[in-house]
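# Analysis of the macromolecular model
Listed here are the chains, written in short residue letters.
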Amino acid sequence: QVQLVESGGGLVQAGGSLRLSCTASGRTFSSYAMGWFRQAPGKEREFVAAISWRGGSTYYTDSVKGRFTISRDNAKNMVYLQMNSLKPEDTAVYYCAAGLGPGMMRGDEFQVDYWGKGTLVTVSS
């Protein structure tokens, strides 16, 4: 069992930065690939980024490449999403996710075993 709690969301102006954190509990955290998904108002949830269980591989959706960076610290049971050059279209609730299946690294949300409750990011223009 893994519990996930996101933090770090808030209101930021376009062009600004935020760092989201995901605190995980559970002894098997380091076994899971971790990811971030987001859901904008009136839209379906979409994949943002994923990182392998050791942190050696990362994968991003095209719209955030070069602006967002996912990282993890297995010793602290933490996952991070550094978001730079934020745009109004990045406004969404951001969810931390954990999964054991290989599809996690392709952004397949059906491979997610655990979800956090989300944190809201609002980017003003």
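The structure under discussion appears in the preceding block.
To keep things clear, this report deals only with the structure shown in the data block. Please read all numbers here as calculations on a predicted model, not as lab measurements.

Quick look at the sheet that holds strand 7 (residues 68-73) now. Ordered by their spatial adjacency, four strands build an open sheet running 1-3-8-7, and the pairing between neighbours is antiparallel. Of all strands in the sheet, those with a lone pairing partner are strand 1 (3-7) and strand 7, marking the two edges. Neighbour-to-neighbour, the strand axes of this sheet turn through a mean angle of 15 degrees, independent of strand direction. Examined bridge by bridge, strand 7 and strand 8 (residues 78-83) share six bridges and lie antiparallel to one another. Of the residues in strand 8, the one forming a bridge with D73 is M78.

A separate point is the pairing of strand 9 (residues 92-99). Among the eight residues of strand 9, seven are classified as buried, and the element is accordingly described as predominantly covered. Where strand 4 (residues 33-39) and strand 9 come together, seven bridges link them in antiparallel fashion. Looking across to strand 9, one finds that R38 is bridged to Y94. By the bridge criterion, three bridges tie strand 9 to strand 11 (residues 119-124) in an arrangement that is antiparallel. Its bridge partner being in strand 11, A92 is matched across the sheet by V121. In the sheet, strand 9 pairs with strand 10 (residues 114-115) via two bridges, with the strands oriented antiparallel. Within strand 10, the position partnered with A97 by the bridge is W115.

Right, let's talk about the pattern of salt bridges for a bit. Under the criterion given, the structure shown has five salt bridges. Of the charged contacts in the structure, one is a salt bridge between R38 and D90, with a shortest N-O distance of 3.0 Å. Taken together, the residues span a long stretch of sequence, with R38 in strand 4 and D90 in the loop between strand 8 and strand 9 at a distance of 52 residues. Take R38 and D90: they sit in the same class, and that class is buried. The residue R45 makes a salt bridge to E109 at a minimum N-O spacing of 3.2 Å. Residue R45 is found in the loop between strand 4 and strand 5 (46-51), and its partner E109 is found in the loop between strand 9 and strand 10; the two are separated by 64 residues along the sequence. Of the residues examined, E109 reaches a relative accessible area of 28% and is grouped as partly exposed. Among the charged side chains, a salt-bridge network with shared partners connects R38, E46, R67 and D90.

Criteria and cut-off values
Residues numbered from 1 in each chain as written. Predicted model: local features only at pLDDT ≥ 70, side-chain atom pairs only at ≥ 80, totals over all residues. Heavy atoms only, no water. Pairing = 2+ DSSP bridges. Helix = DSSP H or I, 4+ residues; strand = E, 2+ residues; numbered from the N terminus. Axes fitted to C-alpha atoms, helices over the stretch in contact; angles between N-to-C directions. Buried < 20%, exposed > 50% of the residue type's maximum accessible area, 1.4 Å probe, protein only. Salt bridge = Lys/Arg side-chain N within 4 Å of Asp/Glu carboxyl O.

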